[in-house]
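Each chain is listed here by its residues.
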Amino acid sequence: MRFLLTTEQRAFADSLGSMLTAADTPSVIRDWGRGDHVAGRALWRRIGQAGLFALAAPEAYEGVGPLPVELVVAFTELGRHAVPGPLVETVTATVLLTGLDDPGPAKRLVPALVTGESTATVARSGSYALDGDTATTRLSLTADGALRLAPGHGPVRRSLDPARRLTILHPDGELLAASTPFAHALLWARLATAAQALGVGLALLDRTVAYVRQRTQFGVPIGSFQAVKHRLADAKVALEFARPLVLGAAVTLDPADVAAAKVTACEAAYATARTALQLHGAIGYTAEHDLSLWLTKARALRTVWGTPGECREVVLSGGGHRS
């Protein structure tokens, strides 16, 4: 099956990519990891104004969606530029809130998320939340399935990816719902993560191809060596195999399709990261080199919102029925 994006979808991707290129995301990422969120918040607002978060919200909540295919297009670009912040979590919170039986919490919280004026994080009770220290909306899922608005968070812990700041949310807070459509929100979380990982992998491949063309050994570019070509070809095949799975999952939103897309895209990005690290040599190990910002993100995305084992189990079980 061949998936072709429409002219409008390609134009949206190009526009978003141009905006992110101009934003100099490597410096934004490093500031975010140090706890300086000024540039990151400014970029976040521009992303919101571009309509990205509106893709996950119905029109009744000032959104334009749900539009999962367009969301995949957008998150692939976000991954290409390694944009920091609780991007997936804000989409997940939007889907979670707009799926509640009581529209009150969504009417109150979602419009600010859609416009990029606020950010959100979501975590199960006792699990780490991403960027809970900066999120303006913190949603805590309790063990009995209830949804609460967490009033605060615990100490910040650093992740393997320096731009991913982890916290435990305080368990008590305003009760928003006694039960939640978490299974449906999880589909969107995994789909967005898959697209983000695909973008990370594509960026790593592009950067590595450019590097092996300029680095020389024995008087010739190392990209001319057959062993190097084979590693890059393997990475390219893995990423291009993942791309239609991600787009196909956006069309069906079937749990098994989404899980397959998530594990395939994340494993392809992680394999590409390992290839990029090897072909860059010692410089690839240094945190000062921009490559590290994509390397660590590829590793972190591999296990969030479902480990490879968990996603494979969903695929093998057929995914069950849609929630």
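Residues numbered from 1 in each chain as written. Predicted model: local features only at pLDDT ≥ 70, side-chain atom pairs only at ≥ 80, totals over all residues. Heavy atoms only, no water.

What follows deals with the side chain of Thr167. If you trace the backbone, Thr167 turns up in strand β6 (residues 165-168). In this structure Thr167 comes out as buried when scored by relative accessible area, which is 0%. Other than its neighbours up to four places away in sequence, Thr167 contacts Ser127, Tyr128, Ala129, Gly132, Asp133, His153, Gly154, Pro155 and Val156. (Helix = DSSP H or I, 4+ residues; strand = E, 2+ residues; numbered from the N terminus. Buried < 20%, exposed > 50% of the residue type's maximum accessible area, 1.4 Å probe, protein only. Contact = heavy atoms within 4.5 Å.)

Turning our attention to the nonpolar core. Within the largest apolar cluster, 94 residues are counted, with the highest numbers of intra-cluster contacts made by Phe75, Leu97, Leu139, Leu147 and Leu204. Broken down by element, this core gets its largest block of residues, 18 residues, from helix α7 (residues 182-214). Each of domain 1 (7-181) and domain 2 (184-317) gives at least three residues to this core. Apart from the residues lying within four places of it in its own chain, the contact partners of Leu204 are Ala269, Thr272, Ala273, Ala276, Leu291, Trp294, Leu295 and Ala298. (Core = buried A, V, L, I, M, F, W, Y, C linked by side-chain atoms within 4.5 Å. Domains from an automatic or database assignment.)

For the rest of this paragraph, the subject is helix α11 (residues 308-316). Among the residues making up α11, those that are buried are Pro308, Cys311 and Val314. Burial along α11 is one-sided: seen end-on, the buried residues are contained in an arc of 125°. Away from the buried face of α11 by more than 90 degrees, exposed residues Glu313 and Leu316 are located. On the buried face of α11, the contacting elements are α7 and α9 (255-280). (Arc of directions from axis to C-beta.)

What follows is about the domain arrangement of the protein. Domain boundaries assigned for the protein yield domain 1 (7-181) and domain 2 (184-317). The straight-line distance from the C-alpha centre of domain 1 to that of domain 2 is 22 Å. Counting from both sides, the interface comprises 31 residues of domain 1 and, opposite them, 34 residues of domain 2. Summing both sides of the interface, domain 1 and domain 2 together bury roughly 2700 Å²; the carbon and sulfur share of this comes to 71%. Looking at the side of domain 1 facing domain 2, the largest losses of area belong to Arg30, Val72 and Arg80, adding up to 21% of the total buried there. Scanning the region where domain 1 abuts domain 2 turns up 3 salt bridges. Applying the counting criterion to the domain 1 and domain 2 interface returns 9 residue pairs in polar contact (both at pLDDT 80 or more). Elements supplying a minimum of two residues to the side of domain 1 that touches domain 2: α2 (25-33), α4 (68-80) and α5 (87-98). (Buried area = accessible area lost by both parts, 1.4 Å probe. Salt bridge = Lys/Arg side-chain N within 4 Å of Asp/Glu carboxyl O. Polar contact = N/O pair within 3.5 Å; in protein donor to acceptor, adjacent residues only side chain to side chain.)

Attention now moves to unusual backbone geometry. Negative phi values dominate among residues other than glycine, just as trans dominates among peptide bonds. Of the consecutive residues Gly65 and Pro66, the connecting peptide bond is found in the cis state with omega at 5°. Relative to the helices and strands, Pro66 is located in the loop between α3 (38-49) and α4. Notably, Phe218 is not glycine yet its phi reads approximately 55°, a positive angle. Looking at where Phe218 falls in the secondary structure, it is placed in the loop between β8 (216-217) and β9 (220-221). A residue is classified by how much of its surface remains accessible, and Phe218, at 79% relative accessible area, is exposed. Positioned with a positive phi, Leu253 is a non-glycine residue whose angle comes to about 50°. Position of Leu253 among the secondary structure elements: in the loop between α8 (226-252) and α9.

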